[in-house]
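# Structural overview for review
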Amino acid sequence: MSRATHDQIPEQALNWVEAGQSALLATVIETWGSAPRPMGSQLAISQKAEMVGSVSGGCVEGAVVAEALDALDDGKCRVLEYGVSDEEAFAVGLACGGTIRILVEPIDVGQGMSRDHLAALVQAREGRQPVASAVNLSTWERFLPTVSNPELGTAVQNGFLTDRSSMNGDWFVGIHNPPLRMAVIGAVHIAQPLMQMARLAGYDATLIDPRDAFASDARFPDETILREWPDTALERLALDRRTAVVTLTHDPKLDDPAIRYALGSEVFYLGCLGSKKTHAKRVGRLTEAGFGAADIARIHAPIGLDIGAKSPAEIAISIMAELTERLRRPLLRAEAAE
């Protein structure tokens, strides 16, 4: 499966360079107040002023591109700042005291990032490896630190856990976690809006259902579909902590193999459709299969936040809301259970 297009910023920059064009990366390195984009957000810019990505809500990009093209001429990195007093920043939503600092780095020019550094970053991303990219704003030294690095290891580890980039003295540590993925078990009605919503939210979404009549291209156009038994398909996907699994069939023959496989992985979210009565029966089967209370507690069932959802689209919204909460507030459920 391919990474969501809007997240292919370093990849696009490298593509331009390998095609013989000059290119730059602009990165949000600090924010205060109501900044429109979080730290680590990136914009790739070509020598032709082509853009992929975003560092703000829109208007700041024009000023950043102008600075970037100048950086290609003189080979100097730039740290730009936009705040409440700037007319362009006001236009993109910084009026509530928001400020952003943006680092502009030419690639393979002067003080900028080397082509080899960018290629190593892209290679790690393509291998679904969590990777950090560090740059010193005083010396322009760069490397890919690991969690064992004596100076930046803690920042790297915290960044991987929280999905947040950070400033550490003169060092900016950009976090590049693997793209989010979602495996949806069951090509039922709810899966139709859920797959679309997942893609809009940046997930690589895969639909899994061995039943050809359900998992048809006519019902799910342009979706990635694996027409295999769920446990076989999930094994192929190599589940990790950046993956969510959702079961929707109501059929234990399909749902249970997926649930058992997911419980043996590090998925950050496992949600299962069904009433409380249905889930009680599911718990009984899992208990008989040897799963303990801690394992079963990982299952979110009945699935989705309780927003009174009725229609398939509304249920899909509740599912996306719940798994987003689990992703962004991983300790919330544990705290509520204490």
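Presented here is a report on the structure given in the accompanying data block. None of these values were measured; they are calculated from a predicted model.

Further remarks concern the layout of surface pockets. Size it by volume and the largest pocket reaches roughly 1000 Å³. Surrounding the largest pocket, 35 residues form its lining, Asp7, Pro38, Asp163, Arg242 and Arg328 being those nearest its centre. The element contributing the most residues to the lining of the largest pocket is helix H11 (residues 312–328), with 4 residues.

This part is about the sheet that holds strand E13 (residues 243–247). Sheet architecture is open: 6 strands sit in the order E12-E11-E10-E13-E14-E15, paired in parallel fashion. The sheet terminates laterally at strand E12 (224–226) and strand E15 (299–300), the two strands that pair on one side only. Relative to E12, strand E11 (residues 204–208) runs parallel, the two sharing 3 bridges. Pairing of Thr206 across the sheet is with Thr224, part of E12.

With 29 residues, the main nonpolar core has Met182, Leu194, Tyr203, Leu248, Ile319 and Leu323 as its most contacted residues. Elements supplying a minimum of two residues to this core: strand E10 (181–185), helix H6 (191–200), E11, E13 and H11. Among the elements that make up this core, the one with the highest residue count is H11 (6 residues). Excluding residues within four positions of it along the chain, Ile319 makes contact with Ile190, Leu194, Val246, Leu248, Tyr269, Ile303 and Gly304. Core analysis: the next-biggest nonpolar cluster, separate from the first, contains 20 residues, Ile185, Ala233, Ile259 and Ile296 among them.

Taken in spatial order, the 4 strands make up an open sheet running E7-E6-E9-E8, and their pairing is antiparallel. The open sheet has two edge strands, strand E7 (142–143) and strand E8 (166–168), and neither has a second partner. Here strand E6 (residues 131–136) runs beside E7; their pairing, made up of 2 bridges, is antiparallel. When the sheet's bridge partners are listed, Ala134 is paired in E7 with Phe143. Against the sheet, helix H4 (residues 115–126) contacts E6, E7 and strand E9 (171–176), and its axis sits at roughly 160 degrees relative to E6. Seen against the sheet, helix H5 (residues 153–162) touches E6, E8 and E9 and runs at an angle of roughly 35 degrees to E9.

In this section: the pairing of E9. Along E9, 6 of the 6 residues are buried, which leaves the element largely enclosed by surrounding structure. Burial of the side chains of E9 extends over both faces: Trp171, Val173 and Ile175 are buried on one face and Phe172, Gly174 and His176 on the other. As defined by bridge partners, E6 adjoins E9 across 6 bridges and the pair is classed as antiparallel. Following the sheet pairing, Ser133 is matched in E9 by Gly174.

Applying the stated criterion to the full structure yields 1 aromatic pair. Consider the rings of Phe143 and Trp171, whose centres lie 5.4 Å apart with planes at 85 degrees: the pair is edge-to-face. Pair noted here: Phe143 is in strand E7 and Trp171 is in strand E9, with a separation of 28 residues, a long-range link. We classify Trp171 as buried; its relative accessible area is 6%. Cation over ring: Arg211 sits above Phe214, and NZ or CZ is 3.9 Å from the ring centre.

Between H6 and H11, the shortest axis-to-axis distance is 8 Å and the interhelical angle comes to 40 degrees. It follows from the interaxial angle that H6 and H11 lie oblique. The interaxial crossing formed by H6 with H11 has right-handed handedness. Only Pro312, Ala313, Ala316, Ile317, Ile319 and Met320 of H11 make contact with H6, whose side of the interface consists of Pro193, Leu194, Met197 and Ala198. Among the residues making up the contact of H6 with H11, the classes are represented as 10 nonpolar, no polar and no charged.

With 17 residues, H11 extends 24 Å from end C-alpha to end C-alpha; this agrees with the ideal 24 Å at 1.5 Å per step. Three or more residues of H11 are buried, namely Ile315, Ala316, Ser318, Ile319, Met320, Glu322, Leu323, Arg326 and Leu327.

On inspection of all chains with the given rule, the structure shows 1 cavity of 30 Å³ or more. In this structure, the largest cavity occupies an estimated 120 Å³ of space. In terms of lining, the largest cavity is formed by 16 residues, of which the most central are Thr27, Gln42, Glu105, Ser133 and Phe172. Breaking the lining of the largest cavity down by element, the ones donating at least two residues are strand E5 (99–106), E6 and E9. Per-element tally for the lining of the largest cavity: the top contributor is E9, with 4 residues.

Taken as a whole, this structure holds 17 salt bridges when the rule is applied. For Asp209, the salt bridge identified is with Arg211, shortest N-O distance 2.8 Å. Judged by relative accessible area, Arg211 falls into the partly exposed class, the value being 25%. The partner of Arg326 in a salt bridge is Glu325, with the nearest N and O atoms 3.2 Å apart.

Calculation rules
- Residues numbered from 1 in each chain as written.
- Predicted model: local features only at pLDDT ≥ 70, side-chain atom pairs only at ≥ 80, totals over all residues.
- Heavy atoms only, no water.
- 1 Å grid on protein atoms, 1.4 Å probe; cavity = no way out; pocket = protein on both sides within 12 Å on 5 of 7 lines; lining within 4 Å.
- Points joined across faces, edges and corners; volume = space filled by probe spheres on them.
- Helix = DSSP H or I, 4+ residues; strand = E, 2+ residues; numbered from the N terminus.
- Pairing = 2+ DSSP bridges.
- Core = buried A, V, L, I, M, F, W, Y, C linked by side-chain atoms within 4.5 Å.
- Buried < 20%, exposed > 50% of the residue type's maximum accessible area, 1.4 Å probe, protein only.
- Contact = heavy atoms within 4.5 Å.
- Axes fitted to C-alpha atoms, helices over the stretch in contact; angles between N-to-C directions.
- Phe/Tyr/Trp six-rings, centres within 6.5 Å; stacked < 30°, edge-to-face > 60°.
- Lys NZ or Arg CZ within 6 Å of the ring centre and 35° of its normal.
- Parallel < 35°, antiparallel > 145°, perpendicular 65-115°, else oblique.
- Left-handed = near helix turned anticlockwise from the far one by under 90°.
- Nonpolar A, V, L, I, M, F, W, Y, C, P; charged D, E, K, R; others polar.
- Expected span 1.5 Å × (residues − 1).
- Salt bridge = Lys/Arg side-chain N within 4 Å of Asp/Glu carboxyl O.

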